[in-house]
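Spelled out from the first residue to the last, the chains are:
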Amino acid sequence: MASTLLGRFLRYVQIDTMSNSQLAGSVRPSTSGQEELMMLLRSELEELGCSTYYGPESVLQGRLAGNMTGESIAFMAHVDTADDVPGNGVKPVVHSPYNGQDIALSGITISTEENPDLIRYKDGTVVTSDGTTLLGSDDKAGIAIIMEMLSILASDPSISHPDIEVYFTPDEETGHSLDRFPYEHMNASVCYTVDGTEEGIIDIGCFNASSASVRIRGRAVHPGSAKGVMRNALQAAAFIAQALPGGERAESSSGEEGFFAVMSMSGTAESAELFVIMRDFHSDGLQRRENILKAIVNSADLIYGTETECVIEQNYSNFAGTVASHPYAMERLRRAADSIGLAISENMVRGGTDGAHLASHGIASPDIFTGGHNLHSLSEWIALESMERSLELVLAIAKGDA
Ligand SMILES: [Zn+2]
């Protein structure tokens, strides 16, 4: 089981699927490698005896017919990788048996001091990139785990299971994965995403998220004759960024605290723009942040004489409520974890997941760990043992006696 899982993972990470955040939203998928991987997965699914669907949504669906009655169970992973660091041309390096020491790669070192979890996998198998790219365990590990689960179920008819649906989505890292989704082809009301982090962690909720595009109109004149005439949009932008509560910024919040973060800021005296994101686990908390931002923007206009437009967009919502309203989703998962002797920890993720989008369609989507660490970075690593634990868990969830 271990060797085929590792083999699959190494194969998938070498396919270039870095998404393009500039194009996503207009071109889908935003990069051709994503479709290449989906077509490979489609032929692998069909070889396993699954029926497949790939339509205008650019989401690949596979279905393994069940050999018992019962509601379909769905699993999901995304084919794209992040573009925070180079993500194409991945050359995976397998450290086996891992010696428990710092891992030196081209130009970087993954130290045990900064990665105390590494020690857990001494004498096991750890996979990294060569240090020049990310590894792509986010979310090729999820894909490999789901495909391996299907392969095991398909090859052993003595395992009873209901219909299993799997979904592979594009452009998750750009926030566009579920812009379109074949909901009318979905029978399941619970869809486990396999896109998490450390071994044992199950995400049962996420932030509520909104973002604000703030466009400031000022008036530029020659600085020598600016008195009483210039309305400096940049000063207003700086004021807005600075006035966001210091204790509630991304860099000063953790755990279940929400935050404001200025993600970009640019302009001239004539006009300036800021892009601010807001996050909160509670919807009234998010509303409060939006009200604070609007009040700060109004103050900037009063002080600097600028005219500002502040357009707030809702990005995603905490899916904890939908998971709680389908108690079966977590009961099945907890029973499955018990059956394989796995201790799980239920967590609220400080980000969003595909589950947040599915929740708005009434589908419960707890997110299962893959074992990936330092995601979206050159120092990304994953232990095969944690991928195997995740595989055991999804298999136990899929089995009829779960
Ligand atoms: Zn991911």
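Residues numbered from 1 in each chain as written. Predicted model: local features only at pLDDT ≥ 70, side-chain atom pairs only at ≥ 80, totals over all residues.

S.K.: Where do I start with the domain arrangement of the protein chain in this structure?
M.R.: Domain annotation for the protein chain reports domain 1 (2–206 + 318–398) and domain 2 (208–316). For domain 1 versus domain 2, the separation of C-alpha centres amounts to 36 Å. Taken residue by residue, the interface counts six residues in domain 1 and six residues in domain 2. Split into classes, the residues belonging to the side of domain 1 that touches domain 2 amount to two nonpolar, four polar and no charged. (Domains from an automatic or database assignment. Contact = placed C-beta atoms within 7 Å. Nonpolar A, V, L, I, M, F, W, Y, C, P; charged D, E, K, R; others polar.)

S.K.: How should unusual backbone geometry be read in this particular structure?
M.R.: For the bond from Arg 28 to Pro 29, the omega torsion is -10 degrees, close enough to zero to count as cis. That bond from Asp 138 to Asp 139 is cis: its omega, 15 degrees, falls within 30 degrees of zero. Summarising the element assignment, Asp 139 is placed in helix α3 (residues 137–155). (Helix = DSSP H or I, 4+ residues; strand = E, 2+ residues; numbered from the N terminus.)

S.K.: I would appreciate a short explanation of the environment of Thr 308 in the present structure.
M.R.: Within the secondary structure, Thr 308 sits in strand β14 (residues 307–316). When the 22 C-beta atoms within 10 Å are taken as the criterion, Thr 308 is described as buried. C-alpha of Thr 308 to C-alpha of Phe 75: the two residues are 233 residues apart in sequence and 44 Å apart in space. The contacts of Thr 308, once residues within four sequence positions are left out, are Val 214, Arg 215, Ile 216, Ala 236, Val 297, Ala 300 and Asp 301. (Buried ≥ 20, exposed ≤ 12 C-beta atoms within 10 Å, placed from the backbone.)

S.K.: Quick question: what am I supposed to make of the nonpolar core here?
M.R.: In summary, soluble globular proteins display a tendency toward joint burial of nonpolar side chains. With 83 residues, the main nonpolar core has Ile 146 and Val 394 as its most contacted residues. Excluding its chain neighbours within four sequence positions, the residues that come into contact with Ile 146 are Phe 75, Ala 77, Val 166, Val 194 and Val 394. If you look at the next biggest cluster of nonpolar residues, it comprises 21 residues, including Ala 233, Phe 260, Val 276 and Met 278. (Core = buried A, V, L, I, M, F, W, Y, C linked by C-beta atoms within 7 Å.)

S.K.: How should I be thinking about the sheet that holds strand β16 (residues 367–368) in this particular structure?
M.R.: Where strands meet in a sheet, backbone hydrogen bonds hold them as pairs that are either parallel or antiparallel. Spatially, the eight strands line up as an open sheet ordered β1-β2-β8-β3-β9-β16-β10-β15, and their pairing is mixed. The open sheet has two edge strands with one neighbour each: β1 (51–54) and β15 (345–349). Pairing of strand β9 (residues 191–194) with β16, which is carried by two bridges, proceeds in the parallel orientation. When the bridges of β16 are listed, Thr 193 appears paired with Asp 367. Across the face of the sheet, helix α2 (residues 32–47) comes into contact with β1, β2 (60–64) and β8 (164–169) while running at roughly 160 degrees to β1. Along the sheet, helix α9 (residues 384–398) contacts β3 (73–78), β8, β9 and β16; its crossing angle with β9, the most-contacted strand, is approximately 170 degrees. (Pairing = 2+ DSSP bridges. Axes fitted to C-alpha atoms, helices over the stretch in contact; angles between N-to-C directions.)

S.K.: What should I look at first to understand the pairing of β2 in this one?
M.R.: If a strand is regular, its side chains alternate between the two faces of the sheet. Across the five residues that make up β2, a large majority, five, are buried. Examined bridge by bridge, β1 and β2 share four bridges and lie antiparallel to one another. Each bridged residue has a counterpart across the sheet, and for Ser 51 the counterpart in β2 is Arg 63. Count of turn residues in the β1/β2 antiparallel hairpin: five residues, of which Ser 58 carries a positive phi of about 60 degrees. Relative to β8, β2 runs antiparallel, the two being bridged by five bridges. Across the sheet, Leu 64 pairs through a bridge with Ile 164, a residue of β8.

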